[in-house]
Amino acid sequence: MMTLRPAVAGSAAAVNPQEHRLARARSEKSLARFDRVALVLSGGGALGAYQAGAYAALENAGIRPNWIAGSAIGAINAAIIAGNLPHERSFRLRQFWRELSRRVAVRADAGMHQNLRAAIERLMFRWNHGGVRPPRESSVIPTGELRELVAEVVDFSRINSGAVRMVLGATNLDTGAETFFDNDRHVLTIDHVLASTALPGMAPGIVDGQRYSGGSVSVAPLDDARPADTLCFVIDGYDPVPGVGGGMSRSAREIAALRRYHDLRRVIALLGERLPAALRRDTEVRKCLAEGSEATMTILRLVHEGADAELPKKMADFSSAALMRRWQAGESDVGTSLTHPLWLAPPPRRLGVVVHELRGGVAARPR
């Protein structure tokens, strides 16, 4: 059985407790300037254990997001975080990943019982959906069992209380449209979570009679949020760079677009400060200045895996040893990012967004 330890051997916290306490004190002081702490969790199958470990480290550092977005396996992690009291979240994440690993491990040996259960689930699906045949599943865990696991660790009444804003990304397979399930606009249920989840081989989820599968969610939903000084953790289990020739992943594209937009709003606000009062009263000028904003965003992007040839195999590896390594990597990377002396500092006045990236445990140059 997998044991997910709360501390990571070899991390800064384990090596030098005094340095860790000083770093935490510095980060707490730096965090005081942020009105919003956002957490963006993407897909990656079994690599989602990296996200869970990253959140455990945030919780241990006293950082509690009040805005969470998730898709694919990130939708389940997001629901567990938003659907529990703060002091229960890390425990529930461990419970989910431990039990998921156990069930995946025993499923291959379940034999006739699993076949009978799958037949009953297909019959019930047809009964509840007007005789429509459900698609055959080849997922590491049947949807019915995944539903049970999620129901055990998520309190949907807490999600729908709105204490934490939660946005789940999905793709409508009937229309091709990207969809966001938002607890500020919808009453979310386990169906919305499963519709946003896309484990390999998993059947589409059904919401209001339409088929959904996990979509790609990044920082884009933050565009709809009110302007506020924001610290955003983007936790990517992998960076889906298209092909060996390189390119730009969706997360990188959306961060770049968000940065251009907020940098422009920041520049408008700065220009407004330098205009004479009489000119600022002009109707057309006022309309232009209304687009400005003094709010800033600091994005800490943590990437666990690159897009190598072994990625599909890693995404399907739910063994306890693999999940433990990823959990610990997430804890370690968050610890590294929070102890960096400059990453939580305010950006220059002309910038609306500053991005810091940790890839495979190594810090990239700031952008």
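Note that the structure is a prediction, hence the values are computed from the model and not measured.

1. What to know about the overall build of the protein chain
Okay, step 1: The number of helices and strands found in the protein chain is 14 helices and 10 strands.
Okay, step 2: Burial analysis of the protein chain (367 residues in total) assigns 48% to the buried set.
Okay, step 3: Put simply, of all contacts in the protein chain between residues at least 6 apart along the chain, 78% involve residues at least 24 apart.
Okay, step 4: Summed over its atoms, the accessible surface of the protein chain is roughly 17,500 Å², and 55% of this surface lies on carbon and sulfur atoms.

2. Things to note about the environment of E148
Okay, step 1: Structurally, the position occupied by E148 is in helix α7 (residues 143-153).
Okay, step 2: On the basis of relative accessibility, which here comes to 34%, the residue E148 falls in the partly exposed class.
Okay, step 3: Residues E148 and I190, 42 residues apart in the sequence, show an inter-C-alpha distance of 9.7 Å.

3. Topic: the packing of helix α3 (residues 48-60) against helix α4 (residues 73-82)
Okay, step 1: The geometry of α3 relative to α4 is characterised by a closest axis approach of 9 Å and an angle of 25° between their N-to-C directions. Taken together, α3 and α4 sit at an angle that is classed as roughly parallel. Here the hand of the crossing between α3 and α4 comes out right-handed. Where α3 approaches α4, its residues G48, Q51, A52 and Y55 are matched on the opposing element by I73, G74, N77 and I81.
Okay, step 2: The residue inventory of the contact of α3 with α4, partitioned by class, reads four nonpolar, four polar and no charged.

4. Focus on the packing of helix α5 (residues 89-107) against α7
Okay, step 1: Two elements in contact, α5 and α7, have axes separated by 10 Å at closest approach and are oriented at 160°. When the axis of α5 is compared with that of α7, the two are roughly antiparallel. α7 is crossed by α5, and the crossing has right-handed handedness. From α5, R92, Q95, F96, E99, L100 and R103 reach across to α7, where they touch E145, L146, E148, L149, V150, E152 and V153.
Okay, step 2: Class assignment for the residues of the contact of α5 with α7 results in six nonpolar, one polar and six charged.

5. Details of the side chain of S293
Okay, step 1: In this fold, S293 is placed in the loop between α12 (283-289) and β8 (297-305).
Okay, step 2: By relative accessible area, S293 is classed as buried at 12%.
Okay, step 3: Here the side chain of S293 touches A295 through a polar contact of 3.1 Å, landing on its backbone nitrogen.
Okay, step 4: Setting aside its immediate chain neighbours within four residues, S293 contacts P227, R265, R266 and A269.

Rules used in this analysis
- Residues numbered from 1 in each chain as written.
- Predicted model: local features only at pLDDT ≥ 70, side-chain atom pairs only at ≥ 80, totals over all residues.
- Heavy atoms only, no water.
- Helix = DSSP H or I, 4+ residues; strand = E, 2+ residues; numbered from the N terminus.
- Buried < 20%, exposed > 50% of the residue type's maximum accessible area, 1.4 Å probe, protein only.
- Contact = heavy atoms within 4.5 Å.
- Areas by Shrake-Rupley, 256 points an atom, 1.4 Å probe, with all protein chains shown as cover.
- Axes fitted to C-alpha atoms, helices over the stretch in contact; angles between N-to-C directions.
- Parallel < 35°, antiparallel > 145°, perpendicular 65-115°, else oblique.
- Left-handed = near helix turned anticlockwise from the far one by under 90°.
- Nonpolar A, V, L, I, M, F, W, Y, C, P; charged D, E, K, R; others polar.
- Polar contact = N/O pair within 3.5 Å; in protein donor to acceptor, adjacent residues only side chain to side chain.

These values are about where atoms sit, not about what they do.
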